[in-house]
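Results of the structural survey
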Amino acid sequence: DGGITQSPKYLFRKEGQNVTLSCEQNLNHDAMYWYRQDPGQGLRLIYYSQIVNDFQKGDIAEGYSVSREKKESFPLTVTSAQKNPTAFYLCASALAGSTDTQYFGPGTRLTVL
Amino acid sequence: KQEVTQIPAALSVPEGENLVLNCSFTDSAIYNLQWFRQDPGKGLTSLLLIQSSQREQTSGRLNASLDKSSGRSTLYIAASQPGDSATYLCAVRGGYNTNAGKSTFGDGTTLTVKP
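Residues numbered from 1 in each chain as written. Chains lettered and ligands numbered in written order. Predicted model: local features only at pLDDT ≥ 70, side-chain atom pairs only at ≥ 80, totals over all residues. Heavy atoms only, no water.

A few words now on the overall build of chain B. Summing up its helical and strand segments, chain B has zero helices and eleven strands in all. Going residue by residue from the N terminus, the α and β elements of chain B occur as β-β-β-β-β-β-β-β-β-β-β. The principal-axis extents of the C-alpha atoms in chain B amount to approximately 45 × 30 × 20 Å. Within the span of chain B, comprising 115 residues, buried residues form 47% of the whole. Restricting the contact set of chain B to residue pairs at least 6 apart, pairs at least 24 apart contribute 56%. Accessible surface, chain B: about 5200 Å² in total, of which carbon and sulfur atoms supply 47%. Computing the positive centroid from 10 side-chain charges and the negative centroid from 9, chain B places the two 5 Å apart. (Helix = DSSP H or I, 4+ residues; strand = E, 2+ residues; numbered from the N terminus. Buried < 20%, exposed > 50% of the residue type's maximum accessible area, 1.4 Å probe, protein only. Contact = heavy atoms within 4.5 Å. Areas by Shrake-Rupley, 256 points an atom, 1.4 Å probe, with all protein chains shown as cover. Lys, Arg positive; Asp, Glu negative; His and termini not counted. Charge placed at Lys NZ, Arg CZ, Asp CG, Glu CD.)

Below, the structure is given as structure tokens:
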């Protein structure tokens, strides 16, 4: 089955810890995205990558980091510098360019204890 | 900076009713507009994608229109069913001084269809 997988589904973090959220796609898409969603709100862009070994900050990149070493993988690290990390995190991918449909993974819910 | 607004925030209708969801955006220099459906605790499912050169797209009981000059899109759902209950989000790609790779999302409209 082609698609986007995110793991884990639920993640708990103690204050001061870094955690990494996984996003993998087998759709052969060039572009990948990370979004954050807070209750009752839309999605806000954290980081995006349009090609391997390159990525750009979105609107709320502070306290987050990413890497894009492989086309199919785009992991997101939530660092201790992110003051309010409890949220629902969604990964997406698109074939390429600005005209293509974005496809979303099932999401990871991160809770800070 | 591109801003996207969806009205109403919530909508409750009886089964069988036709309904319209609204999406407005501030910058008309967009590449496309996409409508998504989100069920509670789940990811987003793409419903319709309208390119900037198009006026509308249809899929089954869904019809989405785009008026770039006025910064508006509507999602029309015909003969609503309880299974249509979900949150509907619109997202625009691009805008003035906005990278083409970026999408801006509205906060969504939560639809409840009562049997």
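Next up on the list: the sheet that holds strand β3 (residues 19-25) of chain B. All names here are of chain B. Reading across the sheet, the five strands line up as β1-β3-β8-β7-β6 and stay open at both edges, with antiparallel pairing between neighbours. For this open sheet the edge positions go to β1 (4-7) and β6 (56-59), each flanked by a neighbour on one side alone. Each neighbouring strand pair of the sheet contributes to a mean axis angle of 15 degrees, computed without reference to strand direction. Looking at chain direction, strand β7 (residues 62-67) and strand β8 (residues 72-77) are connected through six bridges and run antiparallel. Following the sheet pairing, D67 is matched in β8 by R72. (Pairing = 2+ DSSP bridges. Axes fitted to C-alpha atoms, helices over the stretch in contact; angles between N-to-C directions.)

A separate point is the interface of chain B and chain A. At the junction of the two partners, chain B supplies 22 residues and chain A supplies 24 residues. Interface area, chain B with chain A, both sides summed: about 1800 Å², of which 47% is carbon and sulfur. Taken as a group, R93, K102 and F105 of chain B account for 26% of the area that chain B buries against chain A, more than any other trio of residues on that side. Between the two partners, chain B and chain A, sit one salt bridge. Seen at the junction of chain B and chain A, the total is six residue pairs in polar contact (both at pLDDT 80 or more). Top contributing element to the side of chain B that touches chain A by residue count: strand β10 (residues 98-105) of chain B, with six residues. Class assignment of the residues belonging to the side of chain B that touches chain A gives a composition of seven nonpolar, eleven polar and four charged. (Buried area = accessible area lost by both parts, 1.4 Å probe. Salt bridge = Lys/Arg side-chain N within 4 Å of Asp/Glu carboxyl O. Polar contact = N/O pair within 3.5 Å; in protein donor to acceptor, adjacent residues only side chain to side chain. Nonpolar A, V, L, I, M, F, W, Y, C, P; charged D, E, K, R; others polar.)

Here we take up the packing of aromatic side chains. One pair of aromatic rings is described through two measures. These are the centre distance and the angle between the planes. Within this structure, the stated rule accounts for nine aromatic pairs over all chains. Between Y35 of chain A and F105 of chain B, the aromatic rings sit 5.2 Å apart at their centres with planes inclined by 75 degrees, giving edge-to-face as the arrangement. Note that Y35 of chain A is positioned in strand β4 (residues 31-37) and F105 of chain B in strand β10, a pairing that runs across two chains. Taken as a pair, Y35 of chain A and F105 of chain B share a single burial class, namely buried. (Phe/Tyr/Trp six-rings, centres within 6.5 Å; stacked < 30°, edge-to-face > 60°.)

Residues and elements named next belong to chain A. One open sheet holds the four strands; their spatial order is β1-β3-β8-β7, and the pairing between them is antiparallel. Both edges of this open sheet fall to β1 (4-7) and β7 (64-66), since each of them pairs with a single strand only. Recorded for the sheet is a direction-independent mean angle of 20 degrees between the axes of neighbouring strands. As paired elements, strand β3 (residues 19-25) and strand β8 (residues 76-78) share three bridges and run antiparallel to each other. By the bridge assignment, T20 is partnered in β8 with T77.

Here we take up the nonpolar core. If you look at the biggest cluster of nonpolar residues, it comprises 22 residues, and the most contacted ones within it are F25, L33, W35, L75, I77, Y88 and L111 of chain B. Going through the elements one at a time, β3, β4 (30-38), β5 (44-51), β7, β8, β9 (86-95) and β11 (109-114) of chain B are the ones with two or more residues in this core. Excluding its chain neighbours within four sequence positions, the residues that come into contact with F25 of chain B are Q2, E3, V4, I30, L33, L66, D67, K68, G71, R72 and V92 of chain B. Formed by 20 residues, the second largest nonpolar core is a distinct cluster that contains L11, V19, Y47 and V78 of chain A. (Core = buried A, V, L, I, M, F, W, Y, C linked by side-chain atoms within 4.5 Å.)

Here we take up the state of the cysteines. Evaluated as defined, the whole model comprises two disulfides over all chains. Two residues, C23 of chain A and C91 of chain A, share a disulfide whose sulfurs are 1.9 Å apart. Taking the sign of the S-S torsion, -70 degrees for the link of C23 of chain A and C91 of chain A, the bridge is left-handed. In this pair, C23 of chain A is assigned in strand β3 and C91 of chain A in strand β9 (residues 87-94), connecting sequence segments 68 residues apart. Judged by its relative accessible area of 1%, C23 of chain A is buried. Through a disulfide, C23 of chain B is tied to C90 of chain B; the S-S separation comes to 1.9 Å. Measuring handedness by torsion sign, the sulfur bridge of C23 of chain B and C90 of chain B sits at about 70 degrees and is right-handed. (Disulfide = S-S within 2.5 Å.)

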